[in-house]
Amino acid sequence: MNKKLKNISLRIVFVVLIMFLVSCNSQTNNEKENLEGQENSIEIEGEDNMEANNELNFVLAKDIPKGEEAFFYSNPSRINGIGDPFIIRDYKTGVYTAIATSASIGFYGWDSEDLVNWGSKHWVYQRPENTWSTDSYWAPEVVFYNDAYYMFYTARDKSGRLLISVAKSDSAAGPYEDVSPEKPVFDFGYAIIDASVFVDDDGRAYMYYAKDVSENIIMNGKHVSQIYGVELSEDLLSIKGEPVLLTSPDSAWENPQESWSWNEGPIVLKHNNEYYLAYSANMFESPAYSVGYAKSANPLGPYEKAQENPILATKQLEGISGSGHHSYFNSPDGTELFTAYHTHTVPQKPSGNRQLAIDRALYTEDGKFVVNGPTESYLPAPANDKQRVLLGSEISDIQLSEAATALSEASGDDASSLELAKLFDGILSIHPDQKVNDVNIQTEADGNIEIKITLQEEHNLAAICLVSSSQKDNNIANISLKINDKVSNLGELEGTNPRNHTLAGKFDPITSNEIVLIIEPKDASSPISLSEIYISEKLN
């Protein structure tokens, strides 16, 4: 090899060596960058997971898929074109049936296991051939008595008079068959409607009904519906003694000055040895159709009407009209009392087209009867073996800082023994076995209001429902919920929309004895209109 070729070869080797070393260095740097990138990726992913794990995974009630466990319900139900709803539970199957004024030749029914999801309509009673009645099948009400279901209903006979008869079934959902197809069971010689039966603790049964406005004409040609009561025989098919007049439309809200006035739809409940006669007043097609009650020490009176009547009425600002003709029933677990009633399907044009609604009812400590309605917002579903309202309470529309002062005064020296009822007004029920160790309300330095509720025991918390005032701006910009170390930003109460003024939703169940609400006001100097707080727990 000559000297020139040798020099060229050495230069080539040197260049190749340099390129090799550069390549190795580049690969090392790339590997280092990749490793650093992986480390950074792992670190970021860990932060995201940590943040996700600190959230309650809150899902709004309206976004919960159908078919999932029902933590909430809202009015009206999908059942419309009806009136005078009555809900009865089958003692064997546990299934509820809603029966209503709904057909020209009888009554339809709708079935539900949870009072939230209702099945398709089915016949409960159909007019048989060659019967006494022709049409106007109204106001079916059912009583379970001697292992059978008796449906008392109104219908018109061939002469045009409204009378009361009875059909019987071995199932709450029917089918019901007339016990007397050839003639009505109750014919007192005048028009009567809206029968219901109350069985007292001693086994004696009573029927309550309305002497109908169509034929009941008193002085000066005035048409009046009045409520009567009478004791029934042991088979429920005849009366003992004479009917007793119990109420007439004589209160201002019942418009007694009109030429036609009503007290109708009577139903009696008993609580603490007192009898509560709930009834409807005014014409069913009127926005003024409402519910009131009267009390007595005896099933046949005398009854005294409550001064706070009506207890269920039209809410014009919320577009709810004609709330009335009610029935009462318990939640699936038996801990809550509910009422079923109808409202006008088209509130701007009230008519016989009505729809089913349900709401909670209860007796207060001072003996008043209260209905938490009418409502058309999301509320906790009736309690069952899967879920229930752990805490249900109502705050007056006052500045929460003032509520904290009232709390301090009410609790005295023993704040740890304070129950939630001491803070709230008692209008909504609280499960008596759920004790509250402490309720703390304070205004933070940033102007936010913190409500901390501490329970005596831990529970499997799973849902929350907050209700604002429907008649004013609630002054709430945002609400956050904190349970243990998990926090969720719930958003804003929609108080400016009167038909949807709740913030309701569920979250992944979490075991705790402490609930913290952090409320950000729009204006720290103005009151917070937070009217109701519900916390629900998952049982199974």
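Scroll up for the structure.
Residues numbered from 1 in each chain as written. Predicted model: local features only at pLDDT ≥ 70, side-chain atom pairs only at ≥ 80, totals over all residues. Heavy atoms only, no water.

1. Details of the nonpolar core
Point 1. Counting residues in each nonpolar core, the largest one holds 54 residues, and the members touching the most others are Met151 and Phe152.
Point 2. Among the elements that line this core, the one with the most residues is strand 8 (residues 148–157), at 7 residues.
Point 3. In this structure, Ile79, Ala103, Ala340 and Tyr534 belong to the second largest nonpolar core, which totals 29 residues. (Core = buried A, V, L, I, M, F, W, Y, C linked by side-chain atoms within 4.5 Å. Buried < 20%, exposed > 50% of the residue type's maximum accessible area, 1.4 Å probe, protein only. Helix = DSSP H or I, 4+ residues; strand = E, 2+ residues; numbered from the N terminus.)

2. Digging into the packing of aromatic side chains
Point 1. In total, this model carries 27 aromatic pairs according to the counting rule given.
Point 2. When the centroid spacing of 6.5 Å and the interplanar angle of 70 degrees are considered together, the rings of Tyr73 and Phe338 count as edge-to-face. Separated by 265 residues along the polypeptide, Tyr73 in strand 2 (residues 72–73) and Phe338 in strand 21 (residues 337–344) bring together distant segments of the chain. With respect to class, Tyr73 is no different from Phe338; both count as buried.
Point 3. Taking 4.9 Å as the distance between ring centres and 65 degrees as the angle between the ring planes, the aromatic pair formed by Tyr276 and Tyr363 counts as edge-to-face. (Phe/Tyr/Trp six-rings, centres within 6.5 Å; stacked < 30°, edge-to-face > 60°.)

3. Structural notes on the pattern of salt bridges
Two side chains of opposite charge can pair, provided their charged atoms sit close to one another.
Point 1. Using the criterion set out here, one finds 13 salt bridges in the structure.
Point 2. Residue Arg204 is joined to Glu231 by a salt bridge in which the shortest nitrogen-to-oxygen separation is 2.9 Å. Linking Arg204 in the loop between strand 11 (192–199) and strand 12 (205–211) with Glu231 in strand 14 (residues 222–232), this pair joins segments that are 27 residues apart in sequence.
Point 3. The class of Glu231 is buried, set by a relative accessible area of 13%.
Point 4. Taking the shortest distance from any N to any O, the salt bridge between Lys305 and Asp250 comes out at 3.0 Å. (Salt bridge = Lys/Arg side-chain N within 4 Å of Asp/Glu carboxyl O.)

4. Concerning the pairing of strand 31 (residues 530–538)
Point 1. The element strand 31 is largely enclosed, with a buried count of 8 among its 9 residues.
Point 2. As defined by bridge partners, strand 27 (residues 449–468) adjoins strand 31 across 7 bridges and the pair is classed as antiparallel. The residue of strand 31 that forms the bridge with Leu461 is Glu537. (Pairing = 2+ DSSP bridges.)

5. Overview of the environment of Ile192
Point 1. Note that Ile192 resides in strand 11.
Point 2. The class of Ile192 is buried, set by a relative accessible area of 0%.
Point 3. C-alpha separation for the pair Ile192 and Tyr228, spaced 36 residues apart in sequence, amounts to 9.7 Å.
Point 4. Sequence-distant contacts of Ile192, defined by excluding residues within four places in its chain, comprise Thr154, Leu162, Leu163, Ile164, Phe186, Tyr209, Ala210, Lys211 and Asp212. (Contact = heavy atoms within 4.5 Å.)

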